[in-house]
Amino acid sequence: MEWLTVVATSAVISAVVSGLLTLWNSHLQRKAEERKRLADLAMKMAITEWEAHAAMMKQAGVGSVQPPEIYLYRYSLLLPLIEKGELTPEKMAELDANVKRMVDTKPKRK
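In this text, all values refer to a predicted model and were calculated from it rather than measured experimentally.

Draft legend 1. Region of the structure containing the pattern of salt bridges. Taken as a whole and judged by the stated rule, the model has five salt bridges. A salt bridge links D40 to K36; the shortest N-O distance between them is 3.1 Å. Here D40 and its partner K36 are both found in helix α1 (residues 2–60), four residues apart, which amounts to about one turn of the helix. Under the relative-accessibility criterion, D40 is labelled partly exposed at 34%. Classification of K36 by relative accessible area gives exposed; the value is 54%. Notably, a salt bridge pairs D104 with K100, separated by 3.1 Å at the nearest N-O pair. Note that D104 and K100 are positioned in helix α3 (residues 89–105) at a spacing of four residues, about one turn of the helix. Taken together, the shared-partner salt bridges in this structure form one network comprising E34, R37 and E83.

See below:
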């Protein structure tokens, strides 16, 4: 009877460990997919805004447009705040300051 208890206990422990590993893997996969979704969305929104600004500058014939990576950087900071529900005037000011710092440190095109 003792071996039956050992086998049953072993099977239960194995099932629990397997279940926990499956849950953890599922959690990591969801996180990775969420990061990918946010990155794709940031890229699409950044390029769309950049193209619109470039078209407006071309039509007006004056001004300049920042490179697309500045727009991507802005959206990569903005989307997680929106996603988490943490977008506040203070966070927006901080985000704008970070983008401004990025613009100021980026070498100018010649």
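Draft legend 2. How the structure looks around α3. In this model α3 runs 24 Å from its N-terminal to its C-terminal C-alpha over 17 residues, within 8% of the 24 Å that 1.5 Å per residue would give. Turning to α3, its buried residues are L95, V99 and V103. Summarising the axial view, the buried residues of α3 lie within an arc of 80 degrees, below the 170-degree limit, and thus occupy one face. Residues of α3 that are exposed and point more than 90 degrees away from the buried face comprise E90 and T105.

Draft legend 3. Inspection of the packing of aromatic side chains at higher detail. Under the defined criterion, the tally for this structure stands at zero aromatic pairs. Against the face of Y75 rests R74, its NZ or CZ located 5.6 Å from the ring centre.

Draft legend 4. Expanded view of the environment of M45. For M45, the location among the structural elements is in helix α1. Each C-alpha atom, one on M45 and one on W3, is 62 Å from the other, the two residues being 42 residues apart in sequence. M45 has contacts with Y75 and L79, leaving out every residue within four places of it along the chain.

Cut-offs used in this document
- Each chain has its residues counted from 1, following the order in which its sequence is written.
- pLDDT decides what is reported in this predicted model: residues at 70 or higher carry local features, side-chain atom pairs at 80 or more are listed and counted, and totals for whole chains, interfaces and linings draw on all residues regardless.
- Here the side-chain values reflect all heavy atoms present in the structure, with hydrogen atoms and water set aside.
- Think of a salt bridge as a Lys or Arg side-chain nitrogen and an Asp or Glu carboxyl oxygen that are within 4 Å of each other.
- Where helices and strands are cited, they refer to DSSP runs of H or I of at least four residues and of E of at least two residues respectively, numbered from the N terminus.
- The rule is simple: take the accessible area with a 1.4 Å probe, protein chains only, and divide by the maximum for that residue type; under 20% is buried, over 50% is exposed, in between is partly exposed.
- Helix span is expected to be 1.5 Å times the residue number reduced by one.
- In this description, one arc is meant: the one made by directions from the helix axis to the C-beta atoms.
- In this analysis, rings of Phe, Tyr and Trp, with Trp reduced to its six-membered ring, are considered paired at centre separations within 6.5 Å, and the interplanar angle assigns stacked below 30 degrees, edge-to-face beyond 60, and tilted for intermediate values.
- Geometrically, a lysine NZ or arginine CZ counts as sitting over a ring once it is within 6 Å of the ring centre and also within 35 degrees of the ring normal.
- Contacts are residue-level and defined by heavy atoms, with any inter-residue pair within 4.5 Å sufficient.

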